[in-house]
Amino acid sequence: PELAKNNIRAMFDFQQPNGMIIDCIYVDPSENNYRDSKPPLAAWAVNEIYEQCHDEAFLLEMFPQLVAYYRWWYNERDHDGNHLCEFGSVDGTTEAAAWESGMDNAVRFDDAQMVQNGENAWSFNQESVDLNAYLAYENTLLRKFAKIIGKEFDDPNYGELTAQYFFDDERGFFFDRRLGSQEFVHEEGCEAYIPFWTQIATHHQMKQALPILTDTAKFSTYIPFPTLAADNPKYQSDGYWRGPIWLDQTYDAIKGLRNYGYADL
């Protein structure tokens, strides 16, 4: 547990004054990447450690930094102020914004463009389902930590809004949406696993998505849950985030199925 705690502390040692956690740090500081962040999983990581060792002092230590990072997203990555965030970058480049998503060359970002939110704050013109599902889970965990250590945290949880907004009832699946037009970005990808992993999706939404998740031409491949539906014309077996299986995404999908009562499947 101490090694795990120190890994998290190392990242938060480089937390910016506005709350941002930078993409990555190196032994050589000149290689550090300050251009973007990464999907918000910090409270989840702290919670995994807490569940192993129940160290309330660690929660107390990390809590203000976790809250600052959580709020950074809404301050710097919510272009239209509708409580639904976008991946983005500090330098206004689509490259760094894609890095911030953790899915560098994902098909869903092929047509995305940048919009400026403020000084050194840019967003994709695209609200992302995985990002907002992660944020809803972070909110839940921050509330849990606050109760344990006797702190106040009452920021609204937008999990229900996220589940409703990003789900296309006609197609029975979760998709990103464009800013302004609110048009769905109809690329079936692994970002749709996350509302099930974070348990913000409804059971009805899982039933609607199940035919797609279990389709052998899409996601129920020999090794299941690729990063892009296997029948997508842009699918590439060696395409990094355009098809290949990533262990964390497959875990998210399998855990999502278990969360909604499909352990046998």
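Located above this text is the structure these notes cover.
Conventions we followed
Residues numbered from 1 in each chain as written. Predicted model: local features only at pLDDT ≥ 70, side-chain atom pairs only at ≥ 80, totals over all residues. Heavy atoms only, no water. Helix = DSSP H or I, 4+ residues; strand = E, 2+ residues; numbered from the N terminus. Rg over C-alpha atoms; globule rule 2.2 N^0.38 Å. Buried < 20%, exposed > 50% of the residue type's maximum accessible area, 1.4 Å probe, protein only. Contact = heavy atoms within 4.5 Å. Areas by Shrake-Rupley, 256 points an atom, 1.4 Å probe, with all protein chains shown as cover. Phe/Tyr/Trp six-rings, centres within 6.5 Å; stacked < 30°, edge-to-face > 60°.

Here the focus is the overall build of the chain. A tally of helices and strands in the chain yields nine helices and seven strands. A compact globule built from 265 residues should have a C-alpha radius of gyration of about 18 Å, and the chain, at 18 Å, falls within 12% of that. Across the 265 residues in the chain, those meeting the buried criterion constitute 52%. Of the contacts formed within the chain by residues at least 6 apart in sequence, a portion of 60% connects residues at least 24 apart. Looking at the chain as shown, the accessible area adds up to about 12,400 Å², and 50% of this sits on carbon and sulfur atoms.

Let us now look at the environment of isoleucine 25. Mapped onto the elements, isoleucine 25 comes out in the loop between helix H1 (2-12) and helix H2 (42-53). Separated by 14 residues in sequence, isoleucine 25 and methionine 11 have C-alpha atoms that sit 7.2 Å apart. Here isoleucine 25 is in contact with Ala10, Met11, Phe14 and Asn32, once residues within four sequence places are set aside.

At histidine 83, a position not held by glycine, the phi torsion is positive, near 70°. Structurally, histidine 83 is set in the loop between helix H3 (56-76) and strand E1 (88-89).

The tally for this structure, following the rule as stated, stands at 22 aromatic pairs. Plain terms: the ring middles of phenylalanine 173 and phenylalanine 219 are 5.7 Å apart, the flat faces sit at 25° to each other, and that makes the pair stacked. In this pair, phenylalanine 173 is assigned in strand E6 (residues 173-174) and phenylalanine 219 in the loop between helix H8 (203-213) and helix H9 (247-259), connecting sequence segments 46 residues apart. Across this residue pair, the class does not change: phenylalanine 173 and phenylalanine 219 are buried. With a centroid separation of 5.4 Å and 75° between ring planes, the pair formed by tyrosine 240 and tryptophan 246 is classed as edge-to-face. Its relative accessible area of 42% is what places tyrosine 240 among the partly exposed residues.

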